[in-house]
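The residues making up each chain are set out below.
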Amino acid sequence: FSDIQETDMKYMITWHERPMGSAAEYEALQKRIMAVFKEWKIPETVKVHHFLVRAGDWGGFMLVETDDFAAMHKMTTTWAAFEFRVDPVLDIQDAVAAQLEAMAWRDSIPSD
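Cut-offs and rules
Residues numbered from 1 in each chain as written. Predicted model: local features only at pLDDT ≥ 70, side-chain atom pairs only at ≥ 80, totals over all residues. Heavy atoms only, no water. Phe/Tyr/Trp six-rings, centres within 6.5 Å; stacked < 30°, edge-to-face > 60°. Helix = DSSP H or I, 4+ residues; strand = E, 2+ residues; numbered from the N terminus. Buried < 20%, exposed > 50% of the residue type's maximum accessible area, 1.4 Å probe, protein only. Lys NZ or Arg CZ within 6 Å of the ring centre and 35° of its normal. Contact = heavy atoms within 4.5 Å. Pairing = 2+ DSSP bridges. Axes fitted to C-alpha atoms, helices over the stretch in contact; angles between N-to-C directions.

Overview of the packing of aromatic side chains
Evaluation of the coordinates by the stated rule reveals 8 aromatic pairs. Seen from their ring centres, Trp15 and Phe84 are 6.4 Å apart, and the 40° between their planes marks the pair as tilted. You can see Trp15 sitting in strand E1 (residues 9–17) and its partner Phe84 sitting in strand E4 (residues 82–89), a full 69 residues away along the chain. With a relative accessible area of 28%, Phe84 lands in the partly exposed category. Aromatic rings pair up to connect Trp15, Phe37, Trp40, Phe51, Trp79, Phe82 and Phe84 into one cluster. Here Arg54 stacks its cationic end above the ring of Phe61, 5.4 Å away from the centre of that ring.

See below:
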């Protein structure tokens, strides 16, 4: 397991398109989303590891790394047509190392 401590947090951002009105309104919104996307830039303080879209759906996933949570809030606020969920995540080797450390500490406490 790695002894390297990362200072930036990783987050999995998941998004789904908000429910819309008529088909014509939906089509107009898709055009607006594409126009905004062409101009949008990922903040310099956010490193993107994966940027994925669910096939056949207006939504997807983005794995990012940052210590600038305000930049992530700005990113999700930019896209009013979507509902977002932001979950902090760990690489498996870091999660397992933390779990083993916690278990060893817990096991060091005498049981009654």
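Digging into the side chain of Thr14
Of note, Thr14 is situated in strand E1. Apart from the residues within four sequence positions on either side, Thr14 is in contact with Arg54, Gly60, Phe61, Glu83, Phe84 and Arg85.

Notes on the sheet that holds strand E3 (residues 59–66)
Taken together, the 4 strands give an open sheet; going across it, the order is E2-E3-E1-E4, and neighbouring strands pair in antiparallel fashion. Two strands lie at the open edges of the sheet, namely strand E2 (47–53) and E4, each paired on one side alone. Neighbour to neighbour, the strand axes of the sheet diverge by 15° on average, direction disregarded.

Quick look at the pairing of E1
The pairing of E1 with E3 spans 8 bridges and is classified as antiparallel. Counterpart to His16 in the pairing with E3 is Gly59. Both E1 and E4 contribute to a ladder of 8 bridges, which runs antiparallel. Considered in E4, the bridge of Glu17 is made with Phe82.

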